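Structural characterization, general
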Amino acid sequence: MPQYLLSVYGPAERTPYGAYATKEAMLEAFADTGAFNDQLVADGYFVYANGLAEASTASVVDGQGDEPVVTDGPYLEAKEHLGGFWVIEAPDLDVALRLAAQGSKACRGKVEVRPFQTADGFQEHLEG
Amino acid sequence: MTPTAVDDALTRALREEWARVVASLARRFHDLDTAEDAAAEAFAVAVERWPHDGVPVNPGAWLTTTATRKAIDRIRREARREEKYEEAIRLRDDDPAPPRGAVEDDRLRLIFTCCHPALSPEARIGLTLRLVGGLTVAEIARAFLVQEATMGQRLTRAKAKIKAAAIPYRVPAEADLPARIDGVLTVLFLVFNEGYLASGPSSDPVRADLTGEAIRLARLVRDLCPTGETTGLLALMLLTEARRPARVSATGELVTLAEQDRGAWDRDLIAEGHALVRGTIADVAAGGPPPGRYQLLAAVNAVHTYAREAGETDWAQIATLYDRLVRVDPSPVVALNRAVALAEVDGPEVALAVVDALPLESYHAFHATRAELLRRLGRGAQARAAYDRAIALSGNAAETAYLARRRVQLGR
């Protein structure tokens, strides 16, 4: 069954309540997201999910040279960054999009839906 | 059999059977590329063989069988090369065709896949014309004024997304159906409109190939999925297409509805369109769902085409229909068209006040409408400026010619 990465993007600048304006808004979103996660598990779609620390805590490493080069900050400077994600397993894109819409409502963010590469797709890349 | 008869049979087979062949192969082999290539190969074999062997008794069955063999050959070749036995195994699994109810028709699945909302609007149009309509990539590229390679890439990318993201090949669930049908109708309407007011200074002002193709696809969708809105869209297209012979003058200028030679309108298309509109009105009266935008627009066009001359047009009825349309679709473009009807009912001053409040500064029809209203109010200088804006923004050669003449008539 295809797997999809559902990525949630949020503002680079965070408040004391993460991507949320107030404590109440944060707690509500957490509660709704928790309920959504439970439903994903119950329905057999859940593979993994987690939230990320803010983008400014990221480091980029380039290990292609003789010595690895480490730079501070996220890979791309942007106004919005990846804030969290789900990995789900769903029969097709229609189901993945429906779940993404529910997740988006629960966590109060836009969600990007992207399929993982499959063995078939990898084979096609090899053949060029 | 004469060569012409064979040619006719080939043309008819391409029109009538292409979508069915692609759709049944797509269901069986779960891959649009395989289905498209095998269907194209089967039609190529027909072009080669039918002139010698004669046209088969059942061309559709012949094409499907030939295409299926081509697809199996291709998959066997690949399976040998890649040792992908599992796919070869699938070939022995004689997937039975699903029951032939309207909603289960393979072609309907194909249309919904091509018009999936996760694809870009350009890709939806291109895929629908290629896989359902049977147009070649070169024809589609010409229709949308892009290079053939560009269109080819666009379609390849879209098919790759369908495969990688597992866009399903099926009729959507009941709950999603109205929105998804609406998406299909949007694609067909875009194809029709591109034909009816073609963009680009070098293209023909009206592209009968595109309007004709859109009508053919709208008939198919309505056969498969006869809702009020699919009927409304078909009626709207027929009543618009009926006026095509009168729409561009001998000198290549757009002729407005008021000035058109109504004797040149296609009476058969009008009669068919009127019958469809009467049918949808009866369905609504019998307790069906309220009319959507296509039914209302079809009704507007029915009122226009009922009038034997422009002066007989029932503008009050058109204004009422636009009032209802504004409630269904509160977009500024609809409000602009409503204002045109308002000008006939309540006068140009009232209409101009409505038009001036619309946020359509970059839309050529906004300036063209303002120009006509200002002209009728005797405000020549402002009308000239509005014509200039409209001419600068219009992409259609016939429309530009018309606007330029109207501008000149105003003098300096």
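These numbers were taken from a predicted model, which means no experiment stands behind them.

Section: the overall build of chain B
Scanning chain B from terminus to terminus reveals 19 helices and zero strands. In terms of C-alpha radius of gyration, chain B reaches 24 Å, essentially the compact-globule figure of 22 Å for 412 residues. The buried share of chain B, taken over its 412 residues, is 49%. Across chain B, every contact between residues at least 6 apart in sequence was considered, and the portion connecting residues at least 24 apart equals 64%. Roughly 19700 Å² of accessible area belongs to chain B as shown, and the carbon and sulfur atoms make up 53% of that amount. Charge separation in chain B, taken as the distance between the mean sites of 54 positive and 56 negative side-chain charges, equals 2 Å.

Points about the UniProt feature "domain: RNA polymerase sigma factor 70 region 4 type" (unreviewed entry) in chain B
Per the UniProt record, "domain: RNA polymerase sigma factor 70 region 4 type" (unreviewed entry) is annotated on residues 111-162 of chain B. Annotated as residues 111-162 of chain B, this span is 73% helix and 0% strand, and its ends, taken at the C-alpha atoms, are 13 Å apart.

A few points about helix α5 (residues 106-114) of chain B
Residues and elements named next belong to chain B. α5 sits mainly inside the fold: nine of its nine residues count as buried. Along α5, the residues classified as buried are Asp-106, Arg-107, Leu-108, Arg-109, Leu-110, Ile-111, Phe-112, Thr-113 and Cys-114. Elements in contact with the buried residues of α5: α1 (3-29), α2 (32-53), α6 (121-132), α8 (148-164), α9 (177-196) and α10 (208-224).

Section: empty space enclosed by the protein
Residues and elements named next belong to chain B. Evaluation of the coordinates by the stated rule reveals one cavity of 30 Å³ or more. Taken as a whole, the largest cavity holds about 30 Å³ of empty space. If you trace the largest cavity, you find it lined by Ile-111, Thr-128, Val-132, Leu-188, Leu-217, Leu-220 and Val-221. Every element with two or more residues in the lining of the largest cavity is listed here: α6 and α10. Counted by class, the lining of the largest cavity contains six nonpolar, one polar and no charged residues.

Things to note about the environment of Ala275(B)
The residue Ala275(B) is located in helix α12 (residues 267-285) in this model. Through-space distance from the C-alpha of Ala275(B) to that of Glu344(B) is 27 Å; in sequence the pair is 69 residues apart.

Examining the nonpolar core
Grouped together as the largest cluster of nonpolar side chains are 118 residues, with contacts concentrated most on Trp86(A), Ile88(A) and Leu110(B). Leaving out residues up to four positions away in the same chain, Leu110(B) has contacts with Ala19(B), Val22(B), Ala23(B), Leu32(B), Leu131(B), Val132(B) and Tyr169(B).

What counts and what doesn't
Residues numbered from 1 in each chain as written. Chains lettered and ligands numbered in written order. Predicted model: local features only at pLDDT ≥ 70, side-chain atom pairs only at ≥ 80, totals over all residues. Heavy atoms only, no water. Helix = DSSP H or I, 4+ residues; strand = E, 2+ residues; numbered from the N terminus. Rg over C-alpha atoms; globule rule 2.2 N^0.38 Å. Buried < 20%, exposed > 50% of the residue type's maximum accessible area, 1.4 Å probe, protein only. Contact = heavy atoms within 4.5 Å. Areas by Shrake-Rupley, 256 points an atom, 1.4 Å probe, with all protein chains shown as cover. Lys, Arg positive; Asp, Glu negative; His and termini not counted. Charge placed at Lys NZ, Arg CZ, Asp CG, Glu CD. UniProt positions renumbered as here; feature names shortened; annotations may be inferred. 1 Å grid on protein atoms, 1.4 Å probe; cavity = no way out; pocket = protein on both sides within 12 Å on 5 of 7 lines; lining within 4 Å. Points joined across faces, edges and corners; volume = space filled by probe spheres on them. Nonpolar A, V, L, I, M, F, W, Y, C, P; charged D, E, K, R; others polar. Core = buried A, V, L, I, M, F, W, Y, C linked by side-chain atoms within 4.5 Å.

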